[in-house]
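# Structural features, examined
Below are the chains, spelled out letter by letter.
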Amino acid sequence: MTFNLLFLGDIIGKTGRGLLREHLGSLIREYDVDFVVANGENAAAGFGITKKVYEEFLNFGIDVITGGNHIWDKKDFVKDAVLCDKILRPLNVSSLQPGKGALTVEKDGVKVTVVNMLGRVFMPPCDCPFVAFDRLFHDNSSDLIIVDFHAEATSEKNAFGLYVDGRASAVLGTHTHVQTNDERFLPKGTFYITDVGMCGSIDSVIGMNAEKAIYKLISGMPERNEVEEKGRKVISGVVLKFDIEKKAAVAYNKIYKIYGE
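Small disclaimer: the values here were computed from a predicted structure and weren't measured.

### Some details on the packing of helix α4 (residues 129-138) against helix α5 (residues 154-163)
- Interaxial distance between α4 and α5 falls to 11 Å at its minimum, and their mutual angle equals 25 degrees. If you check the angle between α4 and α5, you find them roughly parallel. In terms of crossing hand, the pair formed by α4 and α5 is right-handed. The residues of α5 that touch α4, namely those facing Pro-129, Phe-130, Phe-133 and Asp-134, are Glu-156, Ala-159, Phe-160 and Tyr-163.
- Classifying every residue of the contact of α4 with α5 by side-chain character gives six nonpolar, no polar and two charged.

Written out as C-alpha coordinates, the structure is:
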(Lines give C-alpha, C1' and ligand atoms only; values in the text may rest on other atoms or scores of the structure.)
Protein backbone atom coordinates (compact mmCIF):
# COMPACT_ATOMS: atom_id res chain seq x y z
CA MET A 1 0.00 0.00 0.00
CA THR A 2 1.27 3.45 -0.91
CA PHE A 3 0.31 6.79 0.61
CA ASN A 4 1.10 10.19 -0.89
CA LEU A 5 1.78 13.11 1.43
CA LEU A 6 2.15 16.74 0.34
CA PHE A 7 4.12 19.05 2.62
CA LEU A 8 3.98 22.79 1.86
CA GLY A 9 6.49 25.39 3.04
CA ASP A 10 5.65 28.51 5.06
CA ILE A 11 2.46 30.13 3.77
CA ILE A 12 3.10 33.88 3.63
CA GLY A 13 0.07 36.06 4.34
CA LYS A 14 -2.71 36.86 1.92
CA THR A 15 -0.48 36.07 -1.05
CA GLY A 16 0.19 32.51 0.08
CA ARG A 17 -3.41 31.90 1.07
CA GLY A 18 -4.61 33.10 -2.33
CA LEU A 19 -2.21 30.74 -4.08
CA LEU A 20 -3.51 27.73 -2.18
CA ARG A 21 -7.13 28.76 -2.61
CA GLU A 22 -6.59 28.76 -6.36
CA HIS A 23 -4.12 25.92 -6.90
CA LEU A 24 -4.06 23.43 -4.01
CA GLY A 25 -6.94 21.39 -5.40
CA SER A 26 -5.18 20.90 -8.72
CA LEU A 27 -1.93 19.94 -6.96
CA ILE A 28 -3.77 17.33 -4.91
CA ARG A 29 -5.24 15.85 -8.10
CA GLU A 30 -1.99 16.06 -10.08
CA TYR A 31 0.02 14.16 -7.48
CA ASP A 32 -2.83 11.95 -6.19
CA VAL A 33 -2.29 13.32 -2.68
CA ASP A 34 -3.81 11.52 0.31
CA PHE A 35 -2.66 13.85 3.10
CA VAL A 36 -1.62 17.52 3.24
CA VAL A 37 0.59 19.23 5.84
CA ALA A 38 1.45 22.94 5.63
CA ASN A 39 3.37 25.40 7.78
CA GLY A 40 1.01 28.24 8.68
CA GLU A 41 2.90 30.36 11.22
CA ASN A 42 3.21 33.29 8.76
CA ALA A 43 -0.27 32.99 7.28
CA ALA A 44 -1.94 36.04 8.87
CA ALA A 45 -0.38 39.23 7.47
CA GLY A 46 3.02 37.51 7.54
CA PHE A 47 3.18 36.94 11.29
CA GLY A 48 1.15 34.35 13.17
CA ILE A 49 -2.20 32.76 12.39
CA THR A 50 -5.84 33.30 13.36
CA LYS A 51 -8.79 30.98 13.89
CA LYS A 52 -10.37 32.32 10.70
CA VAL A 53 -7.26 31.50 8.65
CA TYR A 54 -7.05 28.08 10.31
CA GLU A 55 -10.61 27.28 9.25
CA GLU A 56 -9.87 28.55 5.76
CA PHE A 57 -6.94 26.13 5.49
CA LEU A 58 -9.09 23.18 6.54
CA ASN A 59 -11.56 24.11 3.81
CA PHE A 60 -8.70 24.10 1.28
CA GLY A 61 -8.03 20.44 2.14
CA ILE A 62 -5.08 20.82 4.51
CA ASP A 63 -5.10 18.06 7.15
CA VAL A 64 -2.54 19.39 9.65
CA ILE A 65 -1.03 22.88 10.05
CA THR A 66 2.38 23.30 11.69
CA GLY A 67 3.78 26.39 13.41
CA GLY A 68 7.06 27.80 14.66
CA ASN A 69 8.51 30.80 16.47
CA HIS A 70 5.78 33.14 15.16
CA ILE A 71 2.84 30.95 16.18
CA TRP A 72 1.69 33.34 18.95
CA ASP A 73 2.22 36.64 17.10
CA LYS A 74 -1.54 37.16 16.84
CA LYS A 75 -2.55 37.56 20.49
CA ASP A 76 -6.15 36.43 20.00
CA PHE A 77 -4.91 33.06 18.83
CA VAL A 78 -3.55 32.27 22.28
CA LYS A 79 -7.11 31.71 23.54
CA ASP A 80 -8.30 30.22 20.23
CA ALA A 81 -5.54 27.61 19.96
CA VAL A 82 -7.35 25.03 22.08
CA LEU A 83 -10.28 25.21 19.65
CA CYS A 84 -8.04 24.59 16.65
CA ASP A 85 -7.14 20.95 17.15
CA LYS A 86 -5.34 20.44 13.84
CA ILE A 87 -2.71 23.12 14.28
CA LEU A 88 0.57 22.58 16.11
CA ARG A 89 2.91 24.76 18.08
CA PRO A 90 6.47 23.43 18.58
CA LEU A 91 6.70 20.32 20.73
CA ASN A 92 9.83 21.41 22.58
CA VAL A 93 8.53 24.62 24.15
CA SER A 94 7.13 25.20 27.64
CA SER A 95 4.20 22.97 28.58
CA LEU A 96 2.50 26.18 29.78
CA GLN A 97 1.92 27.14 26.15
CA PRO A 98 -1.53 26.14 24.89
CA GLY A 99 -2.04 23.62 22.15
CA LYS A 100 0.12 20.64 21.31
CA GLY A 101 3.35 19.90 19.48
CA ALA A 102 2.41 16.58 17.87
CA LEU A 103 -0.79 15.16 16.43
CA THR A 104 -1.71 11.70 15.20
CA VAL A 105 -4.34 11.52 12.48
CA GLU A 106 -5.71 8.37 10.87
CA LYS A 107 -6.70 8.74 7.24
CA ASP A 108 -7.52 5.99 4.75
CA GLY A 109 -6.40 3.47 7.35
CA VAL A 110 -2.95 5.07 7.77
CA LYS A 111 -1.86 6.58 11.10
CA VAL A 112 0.23 9.70 10.55
CA THR A 113 1.96 11.52 13.39
CA VAL A 114 2.94 15.08 12.51
CA VAL A 115 5.51 16.72 14.80
CA ASN A 116 6.42 20.40 14.97
CA MET A 117 9.93 20.98 16.34
CA LEU A 118 11.81 24.24 16.99
CA GLY A 119 15.55 24.61 16.54
CA ARG A 120 17.70 26.28 19.20
CA VAL A 121 20.47 27.95 17.17
CA PHE A 122 19.66 31.68 16.60
CA MET A 123 16.09 30.99 17.75
CA PRO A 124 14.01 31.76 20.88
CA PRO A 125 14.79 29.66 23.98
CA CYS A 126 13.31 26.18 23.93
CA ASP A 127 14.05 22.64 25.11
CA CYS A 128 16.33 20.22 23.25
CA PRO A 129 14.56 18.99 20.08
CA PHE A 130 16.67 15.82 20.02
CA VAL A 131 15.53 14.77 23.50
CA ALA A 132 11.94 15.82 22.74
CA PHE A 133 11.89 13.51 19.72
CA ASP A 134 13.27 10.60 21.75
CA ARG A 135 10.43 10.97 24.24
CA LEU A 136 7.80 11.12 21.53
CA PHE A 137 9.21 8.18 19.57
CA HIS A 138 9.39 5.92 22.62
CA ASP A 139 5.60 5.49 22.80
CA ASN A 140 4.66 6.06 19.16
CA SER A 141 3.16 3.31 17.00
CA SER A 142 2.14 5.31 13.94
CA ASP A 143 2.73 4.18 10.38
CA LEU A 144 4.45 7.49 9.57
CA ILE A 145 6.19 10.17 11.64
CA ILE A 146 6.56 13.50 9.80
CA VAL A 147 8.72 16.18 11.43
CA ASP A 148 8.54 19.86 10.54
CA PHE A 149 11.90 21.06 11.89
CA HIS A 150 11.52 24.82 12.12
CA ALA A 151 15.03 26.22 12.48
CA GLU A 152 17.51 28.82 11.30
CA ALA A 153 20.80 26.91 11.13
CA THR A 154 21.32 24.41 8.33
CA SER A 155 23.84 22.54 10.49
CA GLU A 156 21.26 21.98 13.22
CA LYS A 157 18.72 20.76 10.70
CA ASN A 158 21.26 18.34 9.19
CA ALA A 159 22.26 17.05 12.61
CA PHE A 160 18.66 16.47 13.63
CA GLY A 161 17.89 14.63 10.40
CA LEU A 162 20.79 12.24 10.93
CA TYR A 163 19.90 11.81 14.62
CA VAL A 164 16.36 10.61 13.84
CA ASP A 165 17.32 8.73 10.64
CA GLY A 166 15.47 5.42 10.54
CA ARG A 167 12.97 6.58 13.17
CA ALA A 168 11.26 9.58 11.56
CA SER A 169 9.70 8.93 8.16
CA ALA A 170 10.63 12.42 6.98
CA VAL A 171 12.35 15.54 8.30
CA LEU A 172 11.21 18.63 6.44
CA GLY A 173 12.88 21.93 7.23
CA THR A 174 10.99 25.22 7.39
CA HIS A 175 11.54 28.81 8.56
CA THR A 176 14.10 30.23 6.09
CA HIS A 177 11.55 30.34 3.21
CA VAL A 178 14.21 29.42 0.59
CA GLN A 179 13.96 25.96 -0.94
CA THR A 180 17.22 24.03 -0.72
CA ASN A 181 18.66 21.54 -3.20
CA ASP A 182 19.78 18.85 -0.75
CA GLU A 183 16.70 16.62 -0.71
CA ARG A 184 17.70 12.99 -0.24
CA PHE A 185 17.14 9.69 1.54
CA LEU A 186 19.41 9.43 4.56
CA PRO A 187 21.41 6.21 5.11
CA LYS A 188 18.69 4.52 7.22
CA GLY A 189 15.81 5.60 4.98
CA THR A 190 14.46 8.88 6.37
CA PHE A 191 13.65 11.49 3.71
CA TYR A 192 15.36 14.81 4.42
CA ILE A 193 15.42 18.35 3.04
CA THR A 194 16.91 21.38 4.83
CA ASP A 195 14.11 23.74 3.76
CA VAL A 196 11.06 23.13 1.60
CA GLY A 197 10.64 26.84 0.80
CA MET A 198 7.51 28.97 0.97
CA CYS A 199 4.17 29.78 -0.63
CA GLY A 200 4.19 33.47 -1.49
CA SER A 201 5.67 36.15 -3.71
CA ILE A 202 8.94 35.15 -5.36
CA ASP A 203 9.71 38.79 -6.26
CA SER A 204 10.26 39.63 -2.61
CA VAL A 205 12.58 39.14 0.34
CA ILE A 206 11.37 35.78 1.71
CA GLY A 207 7.78 36.80 1.00
CA MET A 208 8.02 40.39 2.26
CA ASN A 209 8.10 43.68 0.39
CA ALA A 210 11.62 44.04 -1.02
CA GLU A 211 11.81 47.85 -0.83
CA LYS A 212 11.07 47.92 2.89
CA ALA A 213 13.38 44.98 3.63
CA ILE A 214 16.27 46.52 1.69
CA TYR A 215 15.81 49.91 3.36
CA LYS A 216 15.90 48.26 6.78
CA LEU A 217 19.13 46.42 5.93
CA ILE A 218 20.87 49.47 4.45
CA SER A 219 19.76 52.07 6.99
CA GLY A 220 19.69 50.01 10.17
CA MET A 221 16.43 51.75 10.98
CA PRO A 222 13.28 49.94 12.16
CA GLU A 223 10.87 49.21 9.33
CA ARG A 224 7.71 47.14 9.49
CA ASN A 225 7.80 44.16 7.15
CA GLU A 226 4.78 43.82 4.88
CA VAL A 227 3.70 40.82 2.82
CA GLU A 228 4.40 41.32 -0.88
CA GLU A 229 1.24 40.81 -2.94
CA LYS A 230 2.54 41.75 -6.39
CA GLY A 231 4.77 40.00 -8.89
CA ARG A 232 5.28 36.32 -9.53
CA LYS A 233 4.13 33.77 -6.96
CA VAL A 234 5.54 30.40 -5.97
CA ILE A 235 4.23 27.27 -4.26
CA SER A 236 7.09 25.29 -2.71
CA GLY A 237 7.00 21.92 -1.05
CA VAL A 238 7.49 18.21 -1.58
CA VAL A 239 5.28 15.21 -2.34
CA LEU A 240 6.40 12.00 -0.65
CA LYS A 241 5.25 8.55 -1.73
CA PHE A 242 5.34 6.16 1.24
CA ASP A 243 5.33 2.39 1.33
CA ILE A 244 3.20 1.83 4.41
CA GLU A 245 4.47 -1.70 5.03
CA LYS A 246 8.04 -0.40 5.10
CA LYS A 247 7.02 2.81 6.93
CA ALA A 248 9.35 4.69 4.61
CA ALA A 249 9.26 6.99 1.59
CA VAL A 250 10.11 5.27 -1.68
CA ALA A 251 9.85 8.24 -4.05
CA TYR A 252 9.43 12.00 -3.99
CA ASN A 253 8.64 15.02 -6.15
CA LYS A 254 9.99 18.40 -5.09
CA ILE A 255 7.44 21.14 -5.80
CA TYR A 256 8.49 24.58 -7.03
CA LYS A 257 5.69 25.98 -9.16
CA ILE A 258 5.82 29.60 -10.30
CA TYR A 259 2.63 31.43 -11.26
CA GLY A 260 2.28 34.70 -13.14
CA GLU A 261 5.38 34.56 -15.35
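The discussion continues.
### Regarding the pairing of strand β8 (residues 170-174)
- The buried fraction of β8 amounts to five of the five residues, a majority that puts the element mostly inside the structure.
- Burial along β8 is two-sided: the residues Ala-170, Leu-172 and Thr-174 and Val-171 and Gly-173 are all buried.
- Note: strand β7 (residues 144-150) against β8, five bridges, orientation parallel. The residue of β8 that forms the bridge with Val-147 is Val-171.
- The parallel pair β7 and β8 is bridged by α5, and the resulting crossover is right-handed.

### Side note on the sheet that holds strand β9 (residues 184-185)
- With mixed pairing, the six strands of this open sheet are ordered in space as β5-β6-β7-β8-β10-β9. Across the chains shown, the open sheet's two edge strands, defined by having one partner strand only, are β5 (102-107) and β9.
- Along the sheet, α4 contacts β5, β6 (110-118) and β7; its crossing angle with β6, the most-contacted strand, is approximately 160 degrees.

Rules of the game
Residues numbered from 1 in each chain as written. Predicted model: local features only at pLDDT ≥ 70, side-chain atom pairs only at ≥ 80, totals over all residues. Heavy atoms only, no water. Axes fitted to C-alpha atoms, helices over the stretch in contact; angles between N-to-C directions. Helix = DSSP H or I, 4+ residues; strand = E, 2+ residues; numbered from the N terminus. Parallel < 35°, antiparallel > 145°, perpendicular 65-115°, else oblique. Left-handed = near helix turned anticlockwise from the far one by under 90°. Contact = heavy atoms within 4.5 Å. Nonpolar A, V, L, I, M, F, W, Y, C, P; charged D, E, K, R; others polar. Buried < 20%, exposed > 50% of the residue type's maximum accessible area, 1.4 Å probe, protein only. Pairing = 2+ DSSP bridges. Right-handed = clockwise from strand over helix to strand, strands pointing away.

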